[in-house]
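What follows is each chain in one-letter form.
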Amino acid sequence: MNLQGKYKVIENRALNSRSMLMRLAGDTSVFSAPGQFVNVAVPGLTLRRPISVADYSDGELTLIYDIVGRGTKIMSEAREGFSFDLLTGLGNGFDTDVDSSHPLLLGGGVGCAPLLGLAKRLMEAGKHPAVVLGFNSSDRVIMPEMFRELGFETLVATVDGSVGVRGFVTDAIPLLSSAPDYFYACGPMPMLRALSTGLDIPGEVSLEARMGCGFGACVCCSLETTKGAKRICLEGPVFKKDELIWK
Amino acid sequence: MEINRTPDLSVRLGDLSLRNPVIPASGCFGYGYVMTPFYDINCLGAISFKGTTLNPRFGNPLPRVAECEAGIINSVGLQNPGIDAVISDELPRMRAVYSGPIIANISGFSIDEYTECCRRIDGEKQVEIIELNVSCPNVHGGGMSFGTSCESVAEVVRAVKAVAKTPLYVKLSPNVTDIVSIARAAEEAGADGLCLINTLLGMRIDTRTRRPVVANTMGGFSGRAIFPVALRMVWQVCREVSIPVIGCGGVESAADVIEMMMAGASAVEVGTANIINPCACRDIIAELPAKMDELGINSLSDLKIK
């Protein structure tokens, strides 16, 4: 289900010079899975901005987003009490019912955001997720403490080695205390490609795209998959690695 | 004396009666059923479904959409599953949630493609109008869009009228020097109605990457910003033709619907507004009675000003 409604900002703070955390109060009843997203109407702009949901609970949702352009800049300036018009419950979200006892969650940059709710749901399902987060440098790192506070084994990789393992998330995987049997990933396409073609375990990845509507009407975010054309906003944003064509 | 009279929202397109003039435009509403999580689409006057070609098309590479002031640019490139899959898969899903009139938006890259598509959709239940998108390039005509010459518009209209009995509306491109002559050519060739306007050709460049924002470089500009252009063209065309005209372009409110009908439109298509606000058409229909009351309008038929 999808829902359009007003969501009031109850917190909007910087995590670093680029990334923000926004908590919103409103109806979260249509969310059915971690990894779904919202489409945010930004005052003064035409197109809504699709933002993945980091986590949601009854009556509250958390967005973690990067300031990358005009839309997210305006979002970053919203004060407590401001209400955004949101379309909620969009997209399929991650599949938490897969047969896996030790799933690995891999995030790149702001792609780490939807893994927070996913980790919690997997833990509630009795699974033992581990987390690997990758960034360009220490000043871009977000969220490792959020995963560690919940007790998840959490490794950080930075391209410049300024914190954690030097290199990419793939360089940190061998350092995990137990071997994963499934992976969930969200981040830049080169990272998703490296994981989907390099890891010999099943997995799924969450994609992003410039979207028109966010609910399947305009087909501005279509993707050719092994099962035909799919809309990233509706049939995605999460796809099993075997559904995607890695050229 | 009548008290709390419900105003008459019904309109006519030729022999077809619509419960109200509000029609989601092709390409902004899928096949209708994607909108049902938001509202019951049976409140609509009609639905124009996603433009369909003979064969399946994936369309253009991503990104396909760009932000503009009061509008958007899209370069979807007529992605669709092909006419046979529309008839076998999409129409049944559409009819399962919607019992009103369906407008079949048909595109083609040759006369044969238009006629074959229209022949196959002709007679399908609930398909009350065929809407020809003549903005596609003619592969046998040097790539020029069918909609840019009186001769090619007349040729495609005559060819389709020979094979399909469903009332035929031509959706005109605004990217022409004289839309009135194109409209007249369509009418003289036997079109039962017109729809205007399609998108204006537009472009944006990302000044940071120094690349066009949409992968296909150019795309169709739509949304609020084009309303005055659309209204002007509807006005000009309605002075010169006697077939019904569906006004389309930048409509976002009940006031816009009434203004478009004052220009001469018999019904109104709403496009980009659905992308931004999925409930746009429902909200416009709900607003209409109060707006009519405010303007002293009892009936939407014959609003056309002199």
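Residues numbered from 1 in each chain as written. Chains lettered and ligands numbered in written order. Predicted model: local features only at pLDDT ≥ 70, side-chain atom pairs only at ≥ 80, totals over all residues. Heavy atoms only, no water.

K.L.:
Which residues make up the overall build of chain B, and what are the values?
P.N.:
What chain B contains, in helices and strands, is 8 helices and 16 strands. For 306 residues, the compact-globule formula gives about 19 Å, and the C-alpha radius of gyration of chain B, at 18 Å, lands near that figure. A principal-axis box enclosing the C-alpha atoms of chain B has dimensions of 65 × 50 × 40 Å. Residues classed as buried in chain B amount to 58% of the 306 residues present. Within chain B, contacts between residues separated by at least 24 positions form 70% of all contacts whose residues are at least 6 apart in sequence. Accessible area for chain B stands at about 12,300 Å²; split by element, carbon and sulfur atoms hold 50% of it. (Helix = DSSP H or I, 4+ residues; strand = E, 2+ residues; numbered from the N terminus. Rg over C-alpha atoms; globule rule 2.2 N^0.38 Å. Buried < 20%, exposed > 50% of the residue type's maximum accessible area, 1.4 Å probe, protein only. Contact = heavy atoms within 4.5 Å. Areas by Shrake-Rupley, 256 points an atom, 1.4 Å probe, with all protein chains shown as cover.)

K.L.:
Give a description of the sheet that holds strand E8 (residues 130–135) of chain A that names residues and reports values.
P.N.:
Residues and elements named next belong to chain A. Read from one edge of the open sheet, 7 strands run E10-E9-E8-E7-E11-E12-E15, paired in mixed fashion. Strands with a single pairing partner mark the edges of an open sheet, and in this sheet they are strand E10 (165–166) and strand E15 (238–240). Relative to strand E12 (residues 203–206), strand E11 (residues 182–186) runs parallel, the two sharing 4 bridges. Across the sheet, residue Phe183 finds its bridge partner in E12, namely Gly203. Across the sheet, helix H2 (residues 115–124) is in contact with strand E7 (103–108), E8 and E11; its angle to E7 comes to roughly 170°. Across the face of the sheet, helix H5 (residues 189–198) comes into contact with E7, E11 and E12 while running at roughly 170° to E11. (Pairing = 2+ DSSP bridges. Axes fitted to C-alpha atoms, helices over the stretch in contact; angles between N-to-C directions.)

K.L.:
So, the packing of aromatic side chains: which residues are in play, and what are the values?
P.N.:
Remark: the centre distance and the inter-plane angle together describe each pair of aromatic rings, the angle taken between the planes. Under the criterion given, the structure shown has 7 aromatic pairs over all chains. On the numbers, 4.9 Å between centres and 75° between planes, the contact of A:Phe82 with A:Phe84 is edge-to-face. On the accessibility criterion, A:Phe82 (35% relative accessible area) is partly exposed. According to the relative accessible area criterion, A:Phe84 is buried, its value standing at 2%. Their ring planes at 85° and their centres at 5.2 Å tell us that B:Tyr114 and B:Phe146 sit as a pair that is edge-to-face. One end of the pair, B:Tyr114, is in helix H2 (residues 111–121); the other, B:Phe146, is in the loop between strand E8 (127–133) and helix H3 (150–161), and 32 residues separate them in sequence. You can call B:Tyr114 buried: its relative accessible area is 0%. A network of ring pairs unites the aromatic residues A:Phe94, A:Tyr182 and A:Tyr184 as a single cluster. (Phe/Tyr/Trp six-rings, centres within 6.5 Å; stacked < 30°, edge-to-face > 60°.)

K.L.:
Mind laying out a nonpolar patch on the surface, listing which residues take part and the relevant values?
P.N.:
On the surface, B:Leu201, B:Met203, B:Ile205 and B:Met218 cluster together into a nonpolar patch covering about 400 Å² of accessible area. Within the fold, B:Met203 resides in strand E11 (residues 200–203). (Patch = residues over 30% accessible without salt bridge, like charges linked within 9 Å, V, L, I, M, F, W, Y side chains within 5 Å. Salt bridge = Lys/Arg side-chain N within 4 Å of Asp/Glu carboxyl O.)

K.L.:
Go over unusual backbone geometry with me, naming the residues and quoting the values.
P.N.:
Cis peptide bonds are those with omega within 30 degrees of zero, and the linkage from B:Leu62 to B:Pro63 qualifies with -5°. Among the secondary structure elements, B:Pro63 is positioned in the loop between strand E4 (47–48) and strand E5 (65–68). Unlike most non-glycine residues, A:Met143 shows phi in positive territory, near 80°. When you line up the elements, A:Met143 lands in the loop between E8 and helix H3 (144–149). With a relative accessible area of 1%, A:Met143 lands in the buried category.

K.L.:
Give me the lowdown on the domain arrangement of chain A, citing residues and values where you can.
P.N.:
A common measure of how large an interface is: the accessible area buried when the components associate. Residues and elements named next belong to chain A. Structurally, chain A comprises domain 1 (3–90) and domain 2 (103–206). Here domain 1 and domain 2 have C-alpha centroids that lie 23 Å from each other. Taken residue by residue, the interface counts 15 residues in domain 1 and 14 residues in domain 2. Counting the surface lost from both domain 1 and domain 2, the interface buries some 1,200 Å², and carbon and sulfur atoms represent 60% of this. By the criterion of area lost to domain 2, the three top residues of domain 1 are Pro34, Asp55 and Ile64, representing 38% of everything that side buries. Scanning the region where domain 1 abuts domain 2 turns up 2 salt bridges. In this structure, Arg121 and Asp55 form a salt bridge, with 3.5 Å as the shortest nitrogen-oxygen distance. Inspection of the region where domain 1 meets domain 2 yields 4 residue pairs in polar contact (both at pLDDT 80 or more). Among the secondary structure elements, those contributing two or more residues to the side of domain 1 that touches domain 2 are strand E2 (19–25), strand E4 (49–57) and strand E5 (60–66). By residue number, the principal contributor to the side of domain 1 that touches domain 2 is E4, which donates 5 residues. When grouped by side-chain class, the residues that make up the side of domain 1 that touches domain 2 number 8 nonpolar, 4 polar and 3 charged. (Domains from an automatic or database assignment. Buried area = accessible area lost by both parts, 1.4 Å probe. Polar contact = N/O pair within 3.5 Å; in protein donor to acceptor, adjacent residues only side chain to side chain. Nonpolar A, V, L, I, M, F, W, Y, C, P; charged D, E, K, R; others polar.)

K.L.:
Break down the pattern of salt bridges for me, citing the residues and quoting the values.
P.N.:
Here the idea is simple: oppositely charged side chains can pair when their charged atoms come close. Residue and element names in this part refer to chain B. With the rule as written, the count across this model stands at 24 salt bridges over all chains. With a shortest N-O distance of 2.9 Å, Asp84 and Arg120 are connected by a salt bridge. With a gap of 36 residues between them, Asp84 in helix H1 (residues 83–97) and Arg120 in helix H2 connect regions that are remote in the sequence. Of the residues examined, Asp84 reaches a relative accessible area of 41% and is grouped as partly exposed. Accessibility expressed as a relative area gives 29% for Arg120, which makes it partly exposed. Residue Asp192 is joined to Lys161 by a salt bridge in which the shortest nitrogen-to-oxygen separation is 2.7 Å. Taken together, the residues Asp192 in the loop between helix H4 (179–188) and strand E10 (193–196) and Lys161 in helix H3 connect sequence positions 31 residues apart.

K.L.:
Run through the state of the cysteines, naming residues and quoting values.
P.N.:
Residues and elements named next belong to chain A. Per the stated rule, a full pass over the model turns up 0 disulfides over all chains. Summary of cysteine pairing: Cys112 is not part of a disulfide, and the nearest cysteine sulfur, belonging to Cys186, is at 8.2 Å. Left without a disulfide partner, Cys233 is nearest to the cysteine sulfur of Cys221, which lies 3.8 Å away. (Disulfide = S-S within 2.5 Å.)

K.L.:
Give me the interface of chain B and chain A: which residues, what numbers.
P.N.:
Chain B puts 33 residues into the contact, and the matching count from chain A is 32 residues. Both sides of the chain B and chain A interface together cover about 2,400 Å² of buried area, and 61% of this is carbon and sulfur. Here chain B and chain A share 2 salt bridges between them. A:Arg49 is paired through a salt bridge with B:Glu67; the nearest N and O atoms lie 2.8 Å apart. Counting every contact that joins chain B to chain A gives 12 residue pairs in polar contact (both at pLDDT 80 or more). Sorting the residues of the side of chain B that touches chain A by element identifies E5, strand E6 (71–74) and helix H7 (272–276) of chain B as the ones contributing at least two each. The dominant element in the side of chain B that touches chain A, judged by the number of residues it contributes, is E5(B), at 4 residues.

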